[in-house]
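Given next are the chains, with one letter for each unit.
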Amino acid sequence: QVQLQESGPGLVKPSQTLSLTCTVSGGSITTTYSTWSWIRQPPGKGLEWMGASAGDGRTYYSPFLQSRTSLSRDTYKDQFSLQLSPVTPEDTAVYYCARDIPQHRGTRWDYWGQGTQVTVSS
């Protein structure tokens, strides 16, 4: 049973860096053909895919966020992380990590974390 858990600060100041970590259990982020995504949902808006970390170590980014986004991973801990910098109040959202359904990378997911609210405010 795959489980994902987001962790990180819930409040970030404008111009600073948003950093979140997703811890995976019951699965491995290095599994062949697997990809693991970050998705966010601003208040009153739809889901926005941000990027994904693949089992072979490759990363994929939304073209809308690539310039501000960096994904990394720690394979020993089965963790993958998101950095978004610099942030503005428009980055306030609930942030999710999730496992991609392989044939629908970046668009559909089968296992999700519970989500974590991040507020960008001074």
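Everything discussed here concerns the structure shown above.
Just so it is clear, the structure is predicted and the values come from calculations on it, not from any experiment.

S.K.: I would appreciate a short explanation of the sheet that holds strand 3 (residues 18-25) in the present structure.
M.R.: For sheets, the rule is that strands pair by backbone hydrogen bonds, running either parallel or antiparallel. Here we have 4 strands laid out as an open sheet, ordered 1-3-8-7, and antiparallel in their pairing. The sheet is open, and its two borders are formed by strand 1 (3-7) and strand 7 (69-74), each paired with just one other strand. Averaged over all adjacent pairs, the angle separating strand axes in this sheet is 20 degrees, with direction ignored. Inspection of the sheet shows strand 7 paired to strand 8 (residues 79-84) by 6 bridges, in the antiparallel sense. Opposite Arg73, over in strand 8, you have Phe80 as the bridge partner.

S.K.: Mind showing me how you'd approach the packing of aromatic side chains here?
M.R.: For any pair of aromatic rings, geometry is given as the distance between the ring centres together with the angle between the planes. In total, this model carries 4 aromatic pairs according to the counting rule given. Taken together, a centroid distance of 5.4 Å and an interplanar angle of 85 degrees make the contact between Tyr96 and Trp112 edge-to-face. Separated by 16 residues along the polypeptide, Tyr96 in strand 9 (residues 93-100) and Trp112 in strand 10 (residues 109-112) bring together distant segments of the chain. Assessed through its relative accessible area of 16%, Tyr96 is described here as buried. Through pairs of rings, three or more aromatic residues link up here, namely Trp36, Trp38 and Phe80. The ring of Tyr60 has Arg105 lying over it, and the distance from NZ or CZ to the ring centre is 3.9 Å.

S.K.: Could you clarify how one ought to interpret the pairing of strand 11 (residues 116-120) in this entry?
M.R.: On any regular strand, side chains alternate: one points to one face of the sheet, the next to the other face. Here strand 11 shows a clear split, with Thr116, Val118 and Val120 buried on one side and none of Gln117 and Thr119 buried on the other. Here 2 bridges tie strand 2 (residues 11-12) to strand 11, and the two strands are oriented parallel to one another. Residue pairing in the sheet places Val12 in a bridge with Val120 of strand 11. Taken together, the 3 bridges between strand 9 and strand 11 define a ladder with antiparallel strand orientation. Among the inter-strand pairings, Val94 is bridged to a residue of strand 11, identified as Gln117.

S.K.: Help me out: how do you make sense of the pattern of salt bridges in this one?
M.R.: Proximity of charged atoms lets side chains of opposite charge pair with each other. What the rule picks out here adds up to 5 salt bridges. Between Asp110 and Arg99 there is a salt bridge, and its shortest N-O distance comes to 2.8 Å. Taken together, the positions of Asp110 in strand 10 and Arg99 in strand 9 put the pair 11 residues apart, joining distant regions of the chain. You can call Asp110 partly exposed: its relative accessible area is 34%. Residue classification places Arg99 among the partly exposed positions, given a relative accessible area of 23%.

Reading the values: the criteria
- Residues numbered from 1 in each chain as written.
- Predicted model: local features only at pLDDT ≥ 70, side-chain atom pairs only at ≥ 80, totals over all residues.
- Heavy atoms only, no water.
- Pairing = 2+ DSSP bridges.
- Helix = DSSP H or I, 4+ residues; strand = E, 2+ residues; numbered from the N terminus.
- Axes fitted to C-alpha atoms, helices over the stretch in contact; angles between N-to-C directions.
- Phe/Tyr/Trp six-rings, centres within 6.5 Å; stacked < 30°, edge-to-face > 60°.
- Buried < 20%, exposed > 50% of the residue type's maximum accessible area, 1.4 Å probe, protein only.
- Lys NZ or Arg CZ within 6 Å of the ring centre and 35° of its normal.
- Salt bridge = Lys/Arg side-chain N within 4 Å of Asp/Glu carboxyl O.

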